[in-house]
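Geometric and topological summary
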Amino acid sequence: MKRTDPKLIADVIGDFLQQEDIETSMLEHRALQHWGDVVGPGANRLTTERYVDNGIITVKIASASLKNDLMLTRSSIIAQLNQLAGKPVIREIIFR
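Residues numbered from 1 in each chain as written. Predicted model: local features only at pLDDT ≥ 70, side-chain atom pairs only at ≥ 80, totals over all residues. Heavy atoms only, no water.

Here's the deal with the sheet that holds strand β1 (residues 47–53)
Sheet strands line up and pair through hydrogen bonds in the backbone, either parallel or antiparallel. If you trace the three strands from one edge of the open sheet to the other, you get β1-β2-β3, paired in mixed fashion. The open sheet has two free edges, formed respectively by β1 and β3 (92–95), since each of these has just one partner strand. For this sheet, the mean inter-axis angle between neighbouring strands, taken without regard to orientation, is 20°. Against the sheet, helix α2 (residues 23–33) engages β1 and β2 (56–61), with an angle of about 160° to β1. (Pairing = 2+ DSSP bridges. Helix = DSSP H or I, 4+ residues; strand = E, 2+ residues; numbered from the N terminus. Axes fitted to C-alpha atoms, helices over the stretch in contact; angles between N-to-C directions. Contact = heavy atoms within 4.5 Å.)

Below, the structure is given as structure tokens:
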């Protein structure tokens, strides 16, 4: 069947991403990109090897005191990252 009504390219791309289940992965990586904005530049410098997989961000931290501080504010960090991503895609943060 031939389509006769026009559709915005943004809608076509959005439909494709949802259909291929890529949207969640993209939103997870978008949240990870905002890590430095949420924790601040000082904490960002001391965190390395940041990656996200299935809604879980894993971060290696060089400082034990910073690790403790971030663990105490974990739920707030998750909420801010999800807000910046646009959807609740981050479920947990693991500090190593």
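Side note on the confidence of the model for the protein
Taken over all residues, the pLDDT of the protein has a mean of 89, while the share at 70 or more is 96%. Mean pLDDT in the protein bottoms out at helix α1 (residues 9–19), which sits at 80, and peaks at β3, which reaches 96. (pLDDT = per-residue confidence, 0-100.)

Side note on the environment of Lys 7
Structurally, Lys 7 is set in the segment before α1. Lys 7 has contacts with Val 12 and Asp 15, leaving out every residue within four places of it along the chain. Within the structure, the side chain of Lys 7 is placed 2.5 Å from the side chain of Asp 15, a separation counted as a polar contact. (Polar contact = N/O pair within 3.5 Å; in protein donor to acceptor, adjacent residues only side chain to side chain.)

Some remarks on unusual backbone geometry
Glycine aside, residues mostly have negative phi angles, and peptide bonds mostly take the trans form. The backbone phi angle of Glu 49 is positive, close to 50°, even though this residue is not glycine. Considering the arrangement of structural elements, one finds Glu 49 in strand β1. In this structure Glu 49 comes out as exposed when scored by relative accessible area, which is 54%. Even without a glycine there, the phi angle at Asn 54 is positive, about 55°. Structurally, Asn 54 is set in the loop between β1 and β2. (Buried < 20%, exposed > 50% of the residue type's maximum accessible area, 1.4 Å probe, protein only.)

Considerations on the nonpolar core
With 21 residues, the main nonpolar core has Trp 35, Ile 57, Leu 70 and Ile 77 as its most contacted residues. When residues of this core are traced back to their parent elements, those giving at least two are α2, α3 (35–39), β2, α5 (64–72), α6 (74–85) and β3. Considering each element in turn, this core owes the most residues, four residues, to α6. In this view, Trp 35 contacts Asn 44, Thr 47, Arg 50, Val 59, Leu 70, Ile 77, Leu 81, Ile 93 and Phe 95; residues no more than four positions away in its chain are not counted. (Core = buried A, V, L, I, M, F, W, Y, C linked by side-chain atoms within 4.5 Å.)

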